[in-house]
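Fold and geometry: a report
Residue-level listing of the chains:
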Amino acid sequence: MSLSAHPAPTEQRFTDPAPATAAPSGPVLGIDFGGTKMAVGVADRTGRLLVADRIPTDPERGAQQALDRALDLADRLLAEVSAAPAAVGIASPGVIRDDGIDLAPNVPGWDRLRLADAVRDRLGVSVVPVANDLNAAALAELRLGALRDVDPGLVVGLGTGVAAAVTVGGRVLAGHRGAAGEIAYAVTGGAWFDRSMLEQVFSGKALDRLAARSGLTGGAAALCAEAARPGPAQDALRSRLDELARHLATCCLLLDPGRVVLVGGVARNPLVRELLVERLTEVLPYRPEVVLSDFPDDAALLGAVTMAAEAASAGVS
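My aim in this report is to walk through the structure given alongside it, one point at a time. These numbers were taken from a predicted model, which means no experiment stands behind them.

Parameters at a glance
The residue count restarts for each chain, going from 1 along the sequence in the order it is written. Totals for whole chains, interfaces and linings use all residues, but because this is a predicted model, local features are given only for residues with pLDDT of at least 70 and pairs of side-chain atoms are given and counted only at 80 or more. Hydrogens and waters are ignored; side-chain quantities use all the structure's heavy atoms. Helix numbering and strand numbering both begin at the N terminus, where a helix is a DSSP run of H or I of at least 4 residues and a strand a DSSP run of E of at least 2. Whether a set of points on the 1 Å grid over the protein atoms alone is a cavity depends on a 1.4 Å probe fitting there but being unable to get out, while an open set qualifies as a pocket with protein on both sides within 12 Å along at least five of seven lines; lining residues are those with an atom within 4 Å of a point. Grid points are joined across faces, edges and corners, and a volume is the space filled by probe spheres set on the points. Only buried residues count toward a nonpolar core. Its members are Ala, Val, Leu, Ile, Met, Phe, Trp, Tyr and Cys residues joined through side-chain atoms within 4.5 Å. Burial classification: accessible surface area is computed with a 1.4 Å probe over protein chains only, and a residue below 20% of its type maximum counts as buried, one above 50% as exposed, and the rest as partly exposed. Interaxial angle, 0 to 180 degrees, is taken between N-to-C directions of lines fitted to C-alpha atoms, where a helix line uses only the stretch in contact. Angle categories are assigned with fixed cut-offs, so that under 35 degrees is roughly parallel, over 145 is roughly antiparallel, 65 to 115 is roughly perpendicular, and the rest are oblique. Left-handed describes a crossing in which the near helix is turned anticlockwise from the far one by less than a right angle; the clockwise case is right-handed. In what follows, a contact means two residues having at least one pair of non-hydrogen atoms within 4.5 Å. The span one expects for a helix is its residue count, reduced by one, times 1.5 Å. Salt bridge, as used here: a side-chain nitrogen of Lys or Arg that lies within 4 Å of a carboxyl oxygen of Asp or Glu. The pairing criterion for strands is at least two bridges between them, as found by DSSP. Handedness of a crossover is defined as follows: with both strands directed away from the viewer, a clockwise route from the first strand across the helix to the second makes it right-handed.

Considering unusual backbone geometry
Geometrically, the link from Asp151 to Pro152 is a cis peptide bond, its omega value of -10° lying close to zero. One can find Pro152 in the loop between helix H3 (133-144) and strand S10 (153-158). The phi angle at Leu103 is positive, at roughly 60°, despite the residue not being glycine. Looking at the element boundaries, Leu103 is found in the loop between strand S8 (100-102) and helix H2 (115-123). The phi dihedral of Asp256 falls on the positive side, at around 55°, and the residue is not glycine. Within the element layout of this structure, Asp256 appears in the loop between helix H7 (232-255) and strand S15 (259-263).

Describing the layout of surface pockets
Counted as a void, the second largest pocket has a volume near 510 Å³. Ala131, Leu139, Arg171, Val172 and Met307 are the residues nearest the centre of the second largest pocket, which is lined by 22 residues in total. Put simply, the parts of the chain that give the lining of the second largest pocket at least two residues each are strand S7 (95-97), strand S9 (130-132), H3, strand S12 (171-172) and helix H9 (299-314).

Overview of the nonpolar core
Leu154, Leu158, Phe202, Leu244, Leu262 and Leu276 are the most contacted members of the largest nonpolar core, which has 41 residues in total. Elements represented by at least two residues in this core include exactly S10, strand S11 (162-168), helix H5 (204-213), helix H6 (219-226), H7, S15, helix H8 (270-283) and strand S16 (289-292). The greatest single-element share of this core, amounting to 10 residues, is contributed by H7. By size, the runner-up hydrophobic cluster in this structure holds 31 residues, among which are Ile31, Leu71, Leu77 and Val125.

Some thoughts on the packing of H5 against H7
Close contact between H5 and H7 brings their axes to 12 Å; oriented N to C, the two are set at 155°. Put simply, H5 runs roughly antiparallel to H7. In the packing of H5 onto H7, the handedness of the crossing is right-handed. For the pair H5 and H7, the contacting residues are Ala206, Leu207, Leu210 and Arg213 in the first and Ala236, Leu237 and Arg240 in the second.

With respect to the environment of Val201
In this structure, Val201 sits in helix H4 (residues 198-201). The buried category is assigned to Val201, whose relative accessible area is 17%. Val201 sits 88 residues away from Glu289 along the chain, and the two C-alpha atoms are 25 Å apart. Excluding residues that lie within four positions of it along the chain, Val201 makes contacts with Thr188, Ser196, Ala206, Arg240 and Glu243.

Details of the side chain of Glu243
When you line up the elements, Glu243 lands in helix H7. Setting aside residues no more than four positions away along its own chain, Glu243 makes contact with Thr188, Gly189, Leu198 and Val201.

Re H9
Along its 16 residues, H9 runs 22 Å from first to last C-alpha, staying within 8% of the 22 Å computed at 1.5 Å per residue. Where burial is concerned, most of H9 is hidden: 13 out of the 16 residues are buried.

Let's talk about the pattern of salt bridges
Within this structure, the stated rule accounts for 18 salt bridges. Between Asp102 and Arg97 there is a salt bridge; the shortest N-O distance is 3.0 Å. Among the residues examined, Arg97 registers a relative accessible area of 33% and is labelled partly exposed. Residues joined by salt bridges that share partners form a network here, namely Arg238, Asp242, Glu278 and Arg279.

Overview of the pairing of S15
The side chains of a regular strand alternate between both faces of the sheet. Counting buried positions along S15 gives 4 out of 5 residues, so the element sits mostly inside the fold. With 5 bridges joining them, S10 and S15 adopt parallel strand pairing. In the sheet register, Gly157 faces S15, and the bridge partner there is Val263. For S15 and S16, the ladder comprises 4 bridges, and the chain directions are parallel. Across the sheet, Val261 pairs through a bridge with Val291, a residue of S16. Taking the sense of rotation as the criterion, the β-α-β connection linking S15, H8 and S16 turns out right-handed.

And the structure:
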């Protein structure tokens, strides 16, 4: 098993120094709603970002303010390019329904939002595809990133939460209810009646809590830094990562992926990647290549603009 790590993209606001002219039918807009940050970008029909920005979600303030501020940002970016979008792609945590969102607990009130309707009403755009954020990231990997010409593929999101996305035959597998890959709900622990969910054991939020209990300031990043040397922090991180590795090993045995792509802030930590690869190497009879996404922070945004471009070309609402 091999591991390829590429430099993480800057988290600063960026504008293409010499934007190419968008296709005559107009640019597209992408919005990535995350538990920690929200990213908005305007792109041409090839998916190349012309201008983009990100802002904090401030989840403790609730869902409506996050949605309103993201749409304010979208208005500002569209004003910069002086064009109305042909379509808007949305990436969101959870399982998307027409009348709400399931399995998105990190922002209070998120389950009650109707994202496509809100975007249509605010921006006056009729073509608004919406997808789970990791599924959007997987689409970006298929079209632009590490899963081009790879089949099947597995994308693992290690950020605020933990999730997976499966790609087969050049498509992202949604599942019967749109919940394929929701490994955050995988059963962990010993006795069945003393069980917990994987996301409570290994995720950005879980590592933040562990860091606080260990007297470390700086959350998951501080914990991972402390775990680089032998001691209680390293033991704790290894124990929790072992739980993640067990479930990912099962995913690999079920799917037999050609490549596993890691995305998200926690995935950027070299120790996390090295330990994960070490564990998978020990147990898998057929070992996929494990790589860090070329755009670990922007995969979902790029997936959102890709969804918008493909939907606009197809005339899908």
